[in-house]
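Notes for the structure review
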Amino acid sequence: IQAAARTAGGRGAVEVRDLVEQVGHEQFDLVIMNPPFTRHGAREGDRTEVHNPAFAAFGATEEEQNMLSSHLQRLGRDGNAHGHAGLASYFVDLAHRKLAPSGTLALVLPLTALSGQSWDKIRTLWRRDYSSIIVVTIAGEGSFARSFSADTGMAECLVVAKKARPSGRERRAIFVVLNNQPQDTLQGEQIAQEVSRAIALGNIRQLEDGPLGGTRILIGNTLQGEALSCPVPVSGAWQMVGIKDITLAQSAYQMTHGRFWVEGMSARDSIEIPIASIGDVSTRIGPHHLDISGAQVKGDGLPQGPFEVISGLPNGAAYPCLWNHRTADERKLVVVPDSHCRIRDIGGLIPDDLQDRAQARWETAARLHYNLDLQFNSQSLVASMTERPSIGGRAWPTIILADDVHEYAFSLWANSTLGLLCRWWMSNKTQAGRGTSTVTSIPGFSTLDVRLLSDAQHRAARDAFEEIADERLLPFDQINEDPVRAELDRRLLVDVLGLSPQLCALGGPMERLRTKLAAEPQIHSDKRTRVVFTDEGETTAPH
């Protein structure tokens, strides 16, 4: 009531319940929102002096903030919003309820709305109940350059859609990627007119067309960006966001569907490569890190994680662990575990049930590890191997394959240019220079179907792996200048898969692909330095 009184524009206090009655559901033909992005509670590790930032306005006490937060959670139980997504997701849910059938929704949202796991229900809502979806993002370098708002300082997106269930089985959306922020409202209006004109003409290119680029959005002779019609994924992230080189997106889509096709190759020259999901080729993915070391006590009175994780790897450690990222030590295909685990004791004792839990976690140990949060502009590996089985930690969960022999081909593929292309495409690309993922999303990532390789091909993969294992790989943003990565690509494509050496020739498809990836803002994020290897280690130099 206090909030209503202070925002009534001088007309006097208005009861909140009266406002709710006046603004009924499904009454608006147009809902336009730039909602607050605040989270209704700081995440663990966030520094804030405010008890609950989302409800701290109007002098609300901590008790009132807690009451409002509890009420919001009750309101959201039957909706599509999620607390980790912040208040914006609740406003999107509210907008959906207020919008009339066939009405138009227009939103400014954080870019995480298109890829964050906490936004899954909202994206499912859009896919199910909306048509004529248009998504606009910016392919700038850094978060500020990818923002539409004047004072947000974070990557954003625009979502415009009609509240009407799409006809037919396929769900599609138009994704527009601008080269830069519109400089003023006039330029923004001109861009919007050109996008609308292209859609009305019905000539928007499709993601599935192959690496031909998108439909160009021009003002005069100046290219403002490109538009592309894409199928909307059934689940997970919407990948076509903030990508400057549209042909990269089209090549990545083809590769995840088993077809190697790079700009400059004709459709008849494209090559079939056996692709499967990691979930298909693996028997198990390592657990969430809290199931290894989480101290929270469960219903049985035992901690969620049976282990303590201790930095360092003493000789003879029973439970070696690859837990954190140490970028400079992760340049080679084989890495050394940085930590070890020790079973917790409860009051000086180790209960049998806790030992059983520890044994279950140890059974997820493996030599093959997968990079959960990949920093494209500093890290060199999508997958790593350890000399002996190790527990996978917060940064490097394990992947257990049906046959240990398959690990070499899996590692070569994951760390090849084609493996990076697939991983980049399927990652959460909200943060420039970084591709994040979760343990639960790993099974859906595309990889070489190592199950279909012959024994001879697996031997060739092992030989190639062992010959490259002692070589250092540059970070992925320098993939175009890395001779070791080029050799890894050649060994994989020619020696293991038996493809033509011309693919890896100077100026050939693989070199073009490496050049394109290194130039993509989402990969390099306007990084000003480059890694240089020396006999003593590595150093940095200006780009």
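Here we summarise the structure given alongside this text. (Residues numbered from 1 in each chain as written. Predicted model: local features only at pLDDT ≥ 70, side-chain atom pairs only at ≥ 80, totals over all residues. Heavy atoms only, no water.)

In terms of helices and strands, the protein carries 16 helices and 22 strands. By the burial criterion, 51% of the 543 residues in the protein qualify as buried. Sequence-distant contacts, at least 24 apart, represent 70% of the contacts inside the protein between residues at least 6 apart. About 25300 Å² of surface is accessible on the protein, with carbon and sulfur atoms providing 48% of the total. (Helix = DSSP H or I, 4+ residues; strand = E, 2+ residues; numbered from the N terminus. Buried < 20%, exposed > 50% of the residue type's maximum accessible area, 1.4 Å probe, protein only. Contact = heavy atoms within 4.5 Å. Areas by Shrake-Rupley, 256 points an atom, 1.4 Å probe, with all protein chains shown as cover.)

A few words on unusual backbone geometry. Unusually for a residue other than glycine, glutamate 26 sits at a positive phi of about 55 degrees. Turning to its location among the elements, glutamate 26 is positioned in the loop between helix H2 (16–22) and strand S1 (28–33). Here glutamate 26 falls in the partly exposed class, since its relative accessible area comes to 45%. Residue serine 525 is not a glycine yet carries a positive backbone phi of 50 degrees. Positionally, serine 525 belongs in the loop between helix H16 (521–524) and strand S21 (529–534). The exposure class of serine 525 is buried, given its relative accessible area of 18%.

Let us look at the sheet that holds strand S12 (residues 307–311). The strand order S12-S14-S13-S17-S15 describes an open sheet built from five strands, whose pairing is mixed. With one partner strand each, in any of the chains shown, S12 and strand S15 (366–370) form the two edges of the open sheet. On average, each strand axis in the sheet is tilted by 45 degrees relative to the strand beside it, whichever way the strands run. Where S12 and strand S14 (residues 339–343) come together, five bridges link them in antiparallel fashion. Bridging from a neighbouring strand, valine 309 pairs with cysteine 341 of S14. Against the sheet, helix H11 (residues 407–414) engages S15 and strand S17 (383–392), with an angle of about 135 degrees to S17. (Pairing = 2+ DSSP bridges. Axes fitted to C-alpha atoms, helices over the stretch in contact; angles between N-to-C directions.)

On the basis of which strands lie adjacent, the open sheet formed by seven strands has the order S1-S2-S4-S3-S5-S7-S6 and mixed pairing. Strands at the two margins of the open sheet, each flanked by one partner only, are S1 and strand S6 (215–219). The average undirected angle you get between the axes of adjacent strands in this sheet is 15 degrees. Here strand S2 (residues 99–110) pairs with strand S4 (residues 156–162) via seven bridges, running antiparallel. Bridge pairing links leucine 109 to cysteine 157 in S4. Sheet strands touched by helix H4 (residues 87–98): S1 and S2. Its angle to S2, the strand with the most contacts, is close to 165 degrees. Most of the contacts of helix H6 (residues 185–201) go to S6, to which it runs at about 140 degrees, and overall it touches strand S3 (131–138), strand S5 (172–178), S6 and strand S7 (222–231).

Okay, the pattern of salt bridges next. Throughout the structure, instances matching the rule amount to 24 salt bridges. With a closest N to O distance of 2.8 Å, glutamate 208 and arginine 172 form a salt bridge. In this pair, glutamate 208 sits in the loop between H6 and S6 while arginine 172 sits in strand S5, placing the two residues 36 residues apart along the sequence. With relative accessibility at 24%, the residue glutamate 208 sits in the partly exposed group. Accessibility expressed as a relative area gives 22% for arginine 172, which makes it partly exposed. The salt bridge partner of arginine 326 is aspartate 329, with a shortest N-O separation of 3.7 Å. A relative accessible area of 34% places arginine 326 in the partly exposed class. Given the relative accessible area of 48%, aspartate 329 is considered partly exposed. (Salt bridge = Lys/Arg side-chain N within 4 Å of Asp/Glu carboxyl O.)

For helix H14 (residues 483–496), with 14 residues, the first-to-last C-alpha span of 19 Å sits near the 20 Å given by 1.5 Å per residue. All buried positions along H14 are accounted for by Val484, Arg485, Leu488, Asp489, Arg491, Leu492, Leu493, Val494 and Val496. The backbone nitrogen of valine 484 has a side-chain oxygen 3.0 Å away, supplied by the residue at the start of H14, namely aspartate 482. Immediately downstream of H14, the backbone of glycine 498 shows phi near 75 degrees, a positive value. (Expected span 1.5 Å × (residues − 1). Polar contact = N/O pair within 3.5 Å; in protein donor to acceptor, adjacent residues only side chain to side chain.)

Attention shifts here to the packing of H4 against helix H5 (residues 120–129). How two helices sit against one another is set out by the angle between their axes and by the gap between those axes. Close contact between H4 and H5 brings their axes to 11 Å; oriented N to C, the two are set at 25 degrees. As judged from the angle between their axes, H4 and H5 are roughly parallel. Handedness of the H4/H5 crossing: left-handed. Across from Ser89, Val92, Asp93 and His96 in H4, the residues of H5 making contact are Ile122, Leu125, Trp126 and Asp129. Split by residue class, the contact of H4 with H5 holds four nonpolar, two polar and two charged. (Parallel < 35°, antiparallel > 145°, perpendicular 65-115°, else oblique. Left-handed = near helix turned anticlockwise from the far one by under 90°. Nonpolar A, V, L, I, M, F, W, Y, C, P; charged D, E, K, R; others polar.)

One recurring pattern in soluble globular proteins is that nonpolar side chains are buried together. Within the largest apolar cluster, 109 residues are counted, with the highest numbers of intra-cluster contacts made by Trp126, Phe260 and Phe410. By residue number, the principal contributor to this core is helix H12 (residues 417–426), which donates seven residues. Once residues lying within four places of it in the same chain are set aside, the contact partners of tryptophan 126 are Val92, Leu105, Leu107, Leu109, Ala113, Leu114, Ile133, Val159 and Trp238. Formed by 12 residues, the second largest nonpolar core is a distinct cluster that contains Leu302, Phe307, Trp323 and Ile343. (Core = buried A, V, L, I, M, F, W, Y, C linked by side-chain atoms within 4.5 Å.)

Any functional reading would require information beyond the geometric quantities listed.
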